[in-house]
Amino acid sequence: MRNVFFSFHYDNDVNRANVVRNSWVIRGNKDAGFIDKAEFEKIKARGDKAVYDWIDEQLSGTSVTAVLIGEETSNRKFIRYELQQSYKRGNKIIGIFIHNIKDMKTGLTSSKGDTTFGSLGKDSSGKDVYFFQIAKTYDWVNDDGYNNFGKWIED
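Because the structure is a prediction, the values reported are computed rather than measured. (Residues numbered from 1 in each chain as written. Predicted model: local features only at pLDDT ≥ 70, side-chain atom pairs only at ≥ 80, totals over all residues. Heavy atoms only, no water.)

A. Expanded view of the pattern of salt bridges. Applying the stated criterion across every chain yields a total of four salt bridges. Salt-bridge contacts for arginine 16 lead to aspartate 13; the nearest nitrogen and oxygen are separated by 3.7 Å. Of the two residues, arginine 16 and aspartate 13 both sit in helix α1 (residues 10-26), three residues apart, roughly one turn of that helix. Exposure remark for arginine 16: the relative accessible area of 6% places this residue in the buried category. (Salt bridge = Lys/Arg side-chain N within 4 Å of Asp/Glu carboxyl O. Helix = DSSP H or I, 4+ residues; strand = E, 2+ residues; numbered from the N terminus. Buried < 20%, exposed > 50% of the residue type's maximum accessible area, 1.4 Å probe, protein only.)

B. Fine view of the environment of tryptophan 152. Tracing the backbone through its elements, the reader meets tryptophan 152 in helix α6 (residues 145-154). Linking tryptophan 152 and lysine 136, residues 16 residues apart in sequence, is a C-alpha distance of 8.6 Å. Apart from the residues lying within four places of it in its own chain, the contact partners of tryptophan 152 are Ile94, Ile96, Tyr138, Asp139, Trp140, Asp143, Asp144 and Gly145. (Contact = heavy atoms within 4.5 Å.)

C. Broad picture of the nonpolar core. Of all hydrophobic cores here, the largest spans 19 residues; its most connected members are Phe6, Val20, Leu68, Ile94, Ile96 and Phe149. Those elements giving two or more residues to this core turn out to be β1 (4-7), α1, β3 (64-69), β4 (92-97) and α6. (Core = buried A, V, L, I, M, F, W, Y, C linked by side-chain atoms within 4.5 Å.)

D. Here's a closer look at the pairing of β4. Of all six residues in β4, five are buried; the element is thus mostly enclosed. Inspection of the sheet shows β3 paired to β4 by six bridges, in the parallel sense. Pairing of threonine 65 across the sheet is with isoleucine 93, part of β4. As for the winding sense of the linkage, the β-α-β connection from β3 through helix α4 (residues 77-89) to β4 is right-handed. (Pairing = 2+ DSSP bridges. Right-handed = clockwise from strand over helix to strand, strands pointing away.)

E. Structural context of the packing of aromatic side chains. Under the definition given, this model contains 10 aromatic pairs. Look at tyrosine 52 and tyrosine 81: their rings are 4.4 Å apart centre to centre, the planes differ by 50 degrees, and that puts the pair in the tilted class. Placement of the pair is tyrosine 52 in helix α3 (residues 48-59) and tyrosine 81 in helix α4, with a sequence separation of 29 residues. By the ring-pair criterion, three or more aromatic residues cluster together here, those being Phe6, Tyr138, Trp140, Phe149 and Trp152. Geometry around phenylalanine 97 places lysine 112 over its ring, the cationic atom sitting 4.4 Å from the centre. (Phe/Tyr/Trp six-rings, centres within 6.5 Å; stacked < 30°, edge-to-face > 60°. Lys NZ or Arg CZ within 6 Å of the ring centre and 35° of its normal.)

F. Representation of the layout of surface pockets. One number sums up the size of the largest pocket: a volume of about 330 Å³. Lining the largest pocket are 21 residues, with Phe8, His9, Tyr10, Phe40 and Phe78 sitting closest to its centre. With four residues, α4 is the single largest residue contributor to the lining of the largest pocket. Partitioning the lining of the largest pocket into residue classes produces 11 nonpolar, four polar and six charged. Considered as a void within the structure, the second largest pocket measures approximately 200 Å³ in volume. If you go around the second largest pocket, you meet 13 residues; those closest to its centre are Asn91, Lys92, Ile93, Ile134 and Ala135. Listing elements by their share of the lining of the second largest pocket, those giving two or more residues are β4, β7 (136-139) and α6. Considering each element in turn, the lining of the second largest pocket owes the most residues, three residues, to β4. Among the residues forming the lining of the second largest pocket, the class breakdown is eight nonpolar, two polar and three charged. (1 Å grid on protein atoms, 1.4 Å probe; cavity = no way out; pocket = protein on both sides within 12 Å on 5 of 7 lines; lining within 4 Å. Points joined across faces, edges and corners; volume = space filled by probe spheres on them. Nonpolar A, V, L, I, M, F, W, Y, C, P; charged D, E, K, R; others polar.)

Rendered as structure tokens:
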């Protein structure tokens, strides 16, 4: 069993992210990377360093980072940091497009996000490494994430 860190844009995608998370937790799997909004707002109020420290703590003990890709995910600095730290620590990284999941509050889907996260780090020869080079991507709805997420994690 792998411990998974879920990376996502909280404000835009928490409801969609909860669909993924709940399917994972229902099966008795442990996860990391989820926090109550009020708690996260307290952390954010202490500044970026506090958020980075929290991310580092959440990544501890994980071996997979699942970035839940919504409409604006690739533009978020904390997501970039989570992916850079995940790469640095050797976590396997997967991407899951969540735009086709209906938002629990509005019932709407969103536009598909992209995977342009910038450099995640350097390889052994000093060349930049990018998300598209190391991560497999899936679509939660079209690729039946509910039934296949465990396989994606193990792959």
